[in-house]
Amino acid sequence: MDLLSFAFLGFLLYIVVFLAVKHGINYSELGILIKEKYKIEEEKSNISNDIEKE
């Protein structure tokens, strides 16, 4: 039971840190400047767009 809870907490911590770093980079001044310079946009998929393509 100890090993399972340790693995779950480790995975949860990994997700929290990953999201915090991703959010921090994307919304920092440097991240915004890099997005504008290289015209980087995240691809957001909508279910309605996927259905229309079919």
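Everything below is about the structure shown above.
The sections below set out a description of the structure shown in this document. On a predicted model such as this, the values are computed, not experimentally measured, just so you know. (Residues numbered from 1 in each chain as written. Predicted model: local features only at pLDDT ≥ 70, side-chain atom pairs only at ≥ 80, totals over all residues. Heavy atoms only, no water.)

1. Some details on the environment of Ile40
Note the threshold: Numbered from the N terminus, helices here are DSSP runs of H or I no shorter than four residues, and strands are runs of E no shorter than two. Any two residues having at least one pair of non-hydrogen atoms within 4.5 Å are treated as being in contact.
By the element assignment, Ile40 lies in the loop between helix 2 (29–38) and helix 3 (47–53). Setting aside its immediate chain neighbours within four residues, Ile40 contacts Ile34 and Lys35.

2. Overview of the environment of Ile32
Relative to the elements of secondary structure, Ile32 occurs in helix 2. Other than its neighbours up to four places away in sequence, Ile32 contacts Asn26 and Tyr27.

3. Observations regarding helix 2
Keep this limit in mind: Only protein chains enter the calculation, and the probe is 1.4 Å; a residue is then buried if its accessible area is under 20% of its type maximum, exposed if over 50%, and partly exposed in between.
Summarising burial for helix 2: one of the ten residues are buried, a small minority. Phi turns positive one or two residues past the end of helix 2, at Lys39, with a value near 50°.

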